[in-house]
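Descriptive analysis of the structure
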Amino acid sequence: MNIRVCFSKYDRLRFLGHLDVMRYFQHAIARSGIPIAYSQGFHPHMIMSFAQPLALSMTSDGEYFDCELSASEISEQDICESLQNTMCDGFFIRSVTALPEREPNTRKQTGMSQIAGAMYLCEPLPGCEATLLDAITKFAECDSFCIEKKAKNGTRTVDVRAGIHAIGVASSDSDGALQYLVDDHIFDTPSDLVSGWGRERSEHAFHSEYTPRFLIAVDAGSENNISVELIASSLRQIASQLTGTTLPERCMSSHRMELYRISEGHMISLSKV
Amino acid sequence: MSNKLALSDDILLRVEKPARYIGGEINMVVKDPAAVDIRFAMCFPDVYEVGMSHLGIQILYDMFNRRSDTYCERVYSPWTDLDKIMREEHIPLFTLETQSPVKEFDFLGITLQYEMCYTNVLQVLDLSGIPLHSEDRTEDDPIVIGGGPCSYNPEPIADFFDFFYIGEGETAYDEILDLYKENRAAGGTRRDFLRKVSHIEGMYVPSLYRVEYHEDGTIRSFTPIADDVPARIRKQVVRDLDNCVYPEKQLLPFLRVIQDRVVLELQRGCTRGCRFCQAGMIYRPNRERSVEHLRNIAKSLLDTSGQDEMNLSSLSSSDFSGLQELVYAMIDECRERHVNLSLPSLRIDSFAVDVMKKVQDVNKSSITFAPEAGTQRMRNVINKGLTDEDILSGAAKAFAAGWNKVKLYFMLGLPTEQDDDVKGIAQLGNAIAAEYYKIPKEARHGRVNVTISTSYFIAKPFTPFQWMPMISKEQFLQNQRLLKTTVNEQLNAKSLEYHWHDAETSEMEGIFARGDRRIAPAIEEAYRKGCIYDAWVEHFHYDIWKEVLDRHGITVEFYNLRERPKNEILPWDHIDIGVSRNFLYREYEKAQREEITPNCMKQCSGCGAASYGCGICVQKRETSQS
């Protein structure tokens, strides 16, 4: 039996790196007593696959890993509770979902390889609010916005704007309500966003409730990954063209809301299988 | 748990491994600091990954936090990158749990595991905003306590501590903390408290003693300043390890630390009596935990940590009487849980080979011997009860079982060492390689690889060699060259590899180890000139140290290279470890006669540790009666 675990990572643990998160969950699974499957060989390891690493200092409600269990007569609910009981402050198990049995002769689909989109909630740091808001408005109006991206094998040009499918802004003008500057209508909106701001989530993410904030839905995964860093660099460039101000390298704090896979042209949450 | 971090996101993103500074680990204790009477900051003065690997802190952390009136938190040395930022931005050093400034605490306890951490002690005090000198501290400063092996000769750093706890922490801390509350309730000052602490057995308050020196630099007298202050400070010992606190939940770091495994402490002390070994003397008498107790602890440690490796820890595991029973039971339990079992300090015999086959990957692991010296004569001098025959037959068994990598550890510069003893190291390495090639070619697994490592012998307090001269750095380098040449001359030279240890850190360690109170100003000056993390070769500045020591008139001739006469007052003579000075001197004389002293398990040599009335000292009496 394969399961997909969705978890939140927040508070001080936003400074925990990806490898340490993986280690943490190996230990947590061992403590929980969940019947995890091990690989063969002299040094067996738990069969686990983690989705996209989160940048240091970011919080998230959309972290995922898949793992294989050695038993199948255990309920999703029980697994979820057993895991949650071993969590320390800063980790929260949001859901556990059983994955459908793989069709014979098909390639194994792990959480990692399915990722196609991501949604982020960003909050300008004090002093950057107005400039960032102007920049994002300008950015939304562009048809394309290209930027140099450093990769392992040299730099390449990425059209950041083309990888963006929704931008919503909440400001004091809008009384905190989300107003979409861009919306391709291909992303499932997390249900708690429909009714406002997902307060439960943003409590984890941010220190205060002050606005503006903006939401941004992007392409993600191995093919065309638009990271928060790329978005921030784009906004900094636009800001400097617009007003001549140089925003600090860290101009906003960010929270990952969800990861998505694509199905029939639509982005649906990784936890929906 | 408050989520406010002491460092801003900006800083945390600028430093290497920010997870060192955020706390929040599994099994971290959370309390409301406002709801306790005593706040205790426990410090290991090195980087997080080193400090978190230390079992002693886990034990004390657990013990203190069992008291509802006390909250014990942890603090480690900030790494050099953060150190710089904290100085520039005037950020006070903070604890991991509540991220609050160390200066707000009632106590700062610092464990002293090696001499080369002394400048880090000053770093911790300085970054905390606590005056470096005990005499300059006020009622607003924490009481600074030292403990651990280096507190057995605390003189070089005596000025920086309010008191030292000599011995094992489990015995007297309750009394100390109760006394602290009492003193505070009665409106007593820190001076009042320290005076009363000196009346508790094992507590050494350096400010209550006066040292005078002869003109030649040796000590004329070491005396308490008043009659109520004890002249000698007696080491604290846990008498029954089965009935003392042991952390059933150990803190589990997020980061991969140096000892990335749960630790099961089998026993304390060692029965071997190697004459160079300080641990073998200061932790006497040897006391074991029962197998049943250990199995219970092991189960709970694994349940509460989820760790995938467990280490059976001891100075000499092979001497633990229940080892076979414990290990065979643990192998099964660990296999079920997918936990690796690691057994360091195991003497290589049939049992060890059998166990290693079960718990290690023959292709990847190596077998380790620590003969410490290359010839039987030299091993008799140091009382290392390991013969060439033991080593060669152990190696042969391991080779037959498929191993082909051997690691050998030696010391250079041991007392009475001759060129032949140095060459003997290479010859022993060669003999081990030759043992491998006795196996028929078709049964071998490739070529054998014998790695020889040497370190620089450092004479330590409370060993029979405490009176002995060390060799000079130049002589040490010469011996290394001689060994290198001899290794290359061996028949199996291609199977031998030689690694050596840097001499400069060891020279300094020698000065600190047997130093007196006159070293303190030099340590302080070296720190002011930027020395921290001296234990890390890449951060050790020999040039600065050399210059500072010269200016303070501190010479290797006086501290390292000199034979100390029997009647000289040694800087640590006021500490009583149970093992008598007379016994150590007898051992010193026997070493010169190349005579060995039997293992405590075979025969009592009357070292004096029996005065604690526990462990091996008592068991033997029972067996001889029955």
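Calculation notes
Residues numbered from 1 in each chain as written. Chains lettered and ligands numbered in written order. Predicted model: local features only at pLDDT ≥ 70, side-chain atom pairs only at ≥ 80, totals over all residues. Heavy atoms only, no water. Helix = DSSP H or I, 4+ residues; strand = E, 2+ residues; numbered from the N terminus. Rg over C-alpha atoms; globule rule 2.2 N^0.38 Å. Buried < 20%, exposed > 50% of the residue type's maximum accessible area, 1.4 Å probe, protein only. Contact = heavy atoms within 4.5 Å. Lys, Arg positive; Asp, Glu negative; His and termini not counted. Charge placed at Lys NZ, Arg CZ, Asp CG, Glu CD. Areas by Shrake-Rupley, 256 points an atom, 1.4 Å probe, with all protein chains shown as cover. Buried area = accessible area lost by both parts, 1.4 Å probe. Salt bridge = Lys/Arg side-chain N within 4 Å of Asp/Glu carboxyl O. Polar contact = N/O pair within 3.5 Å; in protein donor to acceptor, adjacent residues only side chain to side chain. Nonpolar A, V, L, I, M, F, W, Y, C, P; charged D, E, K, R; others polar. pLDDT = per-residue confidence, 0-100. Pairing = 2+ DSSP bridges. Axes fitted to C-alpha atoms, helices over the stretch in contact; angles between N-to-C directions. Expected span 1.5 Å × (residues − 1). Arc of directions from axis to C-beta.

Digging into the overall build of chain B
A count of helices and strands for chain B gives 21 helices and 19 strands. Taking 25 Å as the expected radius of gyration for a compact globule of 626 residues, we find that chain B reaches 25 Å, a close match to that expectation. Along the three orthogonal principal directions, the C-alpha set of chain B runs to about 80 × 65 × 60 Å. Out of the 626 residues belonging to chain B, those deemed buried represent 62%. Across chain B, the fraction of contacts at a sequence separation of at least 24, relative to all contacts at a separation of at least 6, is 76%. Averaging the coordinates of the 75 positive side-chain charges in chain B and doing the same for the 94 negative ones gives two points 4 Å apart.

Some remarks on the overall build of chain A
The helix and strand tally for chain A stands at seven helices and 12 strands. Within the span of chain A, comprising 273 residues, buried residues form 53% of the whole. Counting contacts in chain A only where the partners sit at least 6 residues apart, residues at least 24 apart contribute 73% of the total. As presented, chain A carries roughly 12600 Å² of accessible surface, and 48% of it is formed by carbon and sulfur atoms.

Digging into the interface of chain B and chain A
Counting residues at the interface gives 34 residues for chain B and 23 residues for chain A. Interface area, chain B with chain A, both sides summed: about 2500 Å², of which 58% is carbon and sulfur. Where chain B touches chain A, the interface holds four salt bridges. Across the pair arginine 14 of chain A and aspartate 9 of chain B runs a salt bridge whose closest N-O atoms are separated by 2.7 Å. Counting the contacts that link chain B with chain A gives 10 residue pairs in polar contact (both at pLDDT 80 or more). Elements supplying a minimum of two residues to the side of chain B that touches chain A: helix H1 (9-14) and helix H9 (291-305) of chain B. With four residues, H1 of chain B is the single largest residue contributor to the side of chain B that touches chain A. Among the residues making up the side of chain B that touches chain A, the classes are represented as 14 nonpolar, 11 polar and nine charged.

Looking at the confidence of the model for chain B
Averaged over all residues, the pLDDT of chain B is 94; the fraction at 70 or higher stands at 98%. Across the assembled chains, the prediction reports ipTM 0.91 with pTM 0.94.

Some points on the sheet that holds strand E13 (residues 309-313) of chain B
Paired through backbone hydrogen bonds, the strands of a sheet run either parallel or antiparallel to each other. Residues and elements named next belong to chain B. One open sheet accounts for three strands, arranged E10-E13-E14; its pairing is parallel. What marks the edges here is a single partner per strand, and that holds for strand E10 (262-265) and strand E14 (340-342). Neighbour-to-neighbour, the strand axes of the sheet open up by a mean angle of 25°, direction not taken into account. Summarising the sheet, E10 and E13 pair through four bridges and their orientation is parallel. What sits directly across from valine 262, in E13, is methionine 310. With respect to the sheet, helix H10 (residues 323-337) is in contact with E13 and E14, its orientation differing from that of E14 by roughly 155°.

Things to note about the sheet that holds strand E6 (residues 203-204) of chain B
All names here are of chain B. Reading across from one edge, E2-E1-E3-E4-E5-E6 is the order of the six strands in this open sheet, with mixed pairing throughout. A single partner strand is all that each edge strand has here, and the edge strands are strand E2 (70-76) and E6. Bridge count between strand E3 (residues 107-111) and strand E4 (residues 143-147): five bridges; the pairing is parallel. Counted as the bridge partner of isoleucine 110 is glycine 146 from E4.

Quick word on helix H6 (residues 173-185) of chain B
Residues and elements named next belong to chain B. With 13 residues, H6 should reach 18 Å at 1.5 Å per residue; the first-to-last C-alpha distance of 18 Å fits that figure. For H6, every residue scored as buried is listed here: Tyr173, Ile176, Leu177, Leu179, Tyr180 and Asn183. Relative to the axis of H6, the buried residues are bounded by an arc of 160° and lie together on one face. Of the residues in H6, the exposed ones pointing more than 90 degrees away from the buried face are Glu182 and Ala185. Glycine 187 lies just past H6 and shows a positive phi near 75°.

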